[in-house]
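# Structural overview for review
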Amino acid sequence: MTTAPTLARTGAALSAAAHPAITPRLVVPGSTDTPLGLAAERDLGTYLPGPHGADPTVLLDTLEAAGLRGRGGAAFPAHLKWRGVAAGQGPRVAVANGEEGEPASAKDRWLLTHRPHLVLDGLLLAARTVGADRAIVYLSHPDTVQAVRAALDELTADGDDRAADVEIRTVEPTYVAGEESAVCRFLSGGPALPTAKPPRPHESGVDGRPTLVSNVETLAHAAWIARHGAAAYRAEGTDASPGTTLVTLSGACAEPGVYEVPLGRTVGQLFDEVGGGLADGVHGVLMGGWFGGMLRRDHLATGCCYDTLRAVGSGLGCGAITALGTDDTPLRVAAELSAWYARESAAQCGVCVNGTKAIRDTFARLADGAGTADDRDRLARWGQSLPRRGACAFLDGAATLARSAVAEYPEAFPASP
Ligand SMILES: Cc1cc2nc3c(=O)[nH]c(=O)nc-3n(C[C@H](O)[C@H](O)[C@H](O)COP(=O)(O)O)c2cc1C
């Protein structure tokens, strides 16, 4: 079980709202308090019972035209991933990843408990499109299991036999349990721990079959796009970062929660327009969950676009953004998060075990006032040298924390003698 630091845990009830400037697609009226049942989904026109009529190739082209990118963290183009699995040999597997191990994120949980039919629709659509004969919903939180099971029961009661094709598999929540190779390993009967790549899941995943692992929000958008088309999807967002997305706002803001927002708004606008405004003294944010490192206050003016955030060494990740208030001093935050990284490492790769511990110990020294400029320089070096060295990207998160703390808050570190 993940023991998360108190600092940036969302703590927020699973309240959700849509940005006032958009016509919501996921956080639709009626879904904010209770799960949207089958009848309500049909009323919305977003759920079509029975086999999907769309030709798989047409759907893949539509996803490409829409510019849908994955919402699990890496923002990989959905159509490329789906095509990769579709091109695999033999029977395939489709997995909806709803594990959501990121402590600062609550959006997948909200989606699964409020729009379970939309996620299931996306999963069944994906399975059909990539040629999978197994569709699995991979979950940790008991409330999500209950919601998905109820939705499947509702489908069955309605005479829709596709519900029988969907398996629910539950896993103990840890940070790495949602990483795609850990997902496939667990679903093949092993522990929920990452494996070395290659092979990647699209080559050899669950039981050695080509496997699509998709975040549940990605699947919900795919279902929406299948109904409404690429042009409608592009009606929100920007050319390069189209559509809406779910964000989880937390930390030093008035109204933490899950929000559906158009891509392209600045970080500051998001907090002002839906998060109830930032508290006085906010000096920066944790961007993209605990995985995405720190951005100082100047970046409140940075747009939530894939390329813009990459250009400043960050990313939207899973869409979790935590405002850092006056008590959240950079070194204290870094010490707390790096201690969590050291605890949550799967402890399979020496470089991850040693790297996360070294980062933790160094930040602990600095937060205690016993650090040196050499410690700062070491962190900066690790920030460059450690990414891509582990079997999964977990170590990259710890390295990003080290790199971004030094780059964004140089004044917080001891100066060179
Ligand atoms: C350490 C680690 C943890 C991850 N945890 C999750 C998770 O909880 N949920 C998730 O959807 N993706 C998670 N991912 C990303 C998955 O590996 C994978 O990229 C994602 O599920 C693919 O979905 P998408 O293409 O729809 O974004 C994690 C990645 C890493 C490196």
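Residues numbered from 1 in each chain as written. Predicted model: local features only at pLDDT ≥ 70, side-chain atom pairs only at ≥ 80, totals over all residues. Heavy atoms only, no water.

## Examining helix H2 (residues 56-66)
For an α-helix the count is 3.6 residues per turn, leaving residues at separations of three or four pointing the same way. Those residues of H2 lying buried are Leu59, Leu60, Thr62, Leu63 and Ala66. The arc that holds the buried residues of H2, viewed along the axis, is 160°, so those residues lie on one side. For H2, the secondary structure elements touched by its buried residues are helix H3 (78-86), helix H5 (116-130), helix H8 (216-228) and helix H9 (230-233). Where H2 terminates, the next one or two residues include Gly67, which has phi positive at roughly 75°. (Buried < 20%, exposed > 50% of the residue type's maximum accessible area, 1.4 Å probe, protein only. Helix = DSSP H or I, 4+ residues; strand = E, 2+ residues; numbered from the N terminus. Arc of directions from axis to C-beta. Contact = heavy atoms within 4.5 Å.)

## Side note on the pairing of strand E3 (residues 132-139)
E3 sits mainly inside the fold: 7 of its 8 residues count as buried. Where strand E2 (residues 92-98) and E3 come together, 7 bridges link them in parallel fashion. Bridging from a neighbouring strand, Ala96 pairs with Val137 of E3. As judged from the 5 bridges shared by E3 and strand E4 (residues 166-170), these two strands associate in the parallel manner. Within the sheet, the bridge partner assigned to Ile136 lies in E4 and is Glu167. Remark: the E3/helix H6 (residues 142-157)/E4 crossover connection has right-handed handedness. (Pairing = 2+ DSSP bridges. Right-handed = clockwise from strand over helix to strand, strands pointing away.)

## Quick notes on the packing of H5 against H6
Interaxial distance between H5 and H6 falls to 9 Å at its minimum, and their mutual angle equals 75°. By the angle between their axes, H5 is roughly perpendicular relative to H6. Contacts between H5 and H6 involve Pro116, His117 and Leu120 from the first element and Ala147, Val148, Ala151, Leu152, Glu154 and Leu155 from the second. Of the residues that constitute the contact of H5 with H6, the class distribution is 7 nonpolar, 1 polar and 1 charged. (Axes fitted to C-alpha atoms, helices over the stretch in contact; angles between N-to-C directions. Parallel < 35°, antiparallel > 145°, perpendicular 65-115°, else oblique. Nonpolar A, V, L, I, M, F, W, Y, C, P; charged D, E, K, R; others polar.)

## Points about the sheet that holds strand E10 (residues 320-324)
Ordered by their spatial adjacency, 6 strands build an open sheet running E1-E7-E6-E10-E8-E9, and the pairing between neighbours is mixed. Either end of the sheet is taken by a strand with one partner, and the two such strands are strand E1 (16-18) and strand E9 (294-296). Taking each pair of neighbouring strands and ignoring which way they run, the sheet shows an average axis angle of 25°.

## Quick look at the sheet that holds E2
Within the open sheet, the 4 strands sit side by side as E4-E3-E2-E5. Their pairing is parallel. The open sheet is flanked by E4 and strand E5 (211-215), the only strands paired with a single partner. Between one strand and the next, the sheet's axes are offset by a mean angle of 25°, whatever the strand orientation. Strand contacts of helix H7 (residues 180-187): E2, E3, E4 and E5, with the helix running at about 110° to E3, the strand carrying the most contacts.

## Topic: empty space enclosed by the protein
Inspection of the entire model under this criterion finds 1 cavity of 30 Å³ or more. The calculated volume of the largest cavity comes to roughly 80 Å³. Lining the largest cavity we find 13 residues, and of these Ala346, Cys349, Cys352, Ala391 and Cys392 sit closest to its centre. Taken together, the residues of the lining of the largest cavity sort by class into 10 nonpolar, 3 polar and no charged. (1 Å grid on protein atoms, 1.4 Å probe; cavity = no way out; pocket = protein on both sides within 12 Å on 5 of 7 lines; lining within 4 Å. Points joined across faces, edges and corners; volume = space filled by probe spheres on them.)

## What about the pattern of salt bridges?
Tallied over the full model, the rule gives 26 salt bridges. Of the charged contacts in the structure, one is a salt bridge between Asp328 and Arg332, with a shortest N-O distance of 3.4 Å. The class of Asp328 is buried, set by a relative accessible area of 13%. Between Asp377 and Arg376 there is a salt bridge, with its nearest N and O atoms 3.0 Å apart. Here the salt bridges do not stand alone but share partners, grouping Arg71, Lys107, Asp108 and Glu217 into one network. (Salt bridge = Lys/Arg side-chain N within 4 Å of Asp/Glu carboxyl O.)

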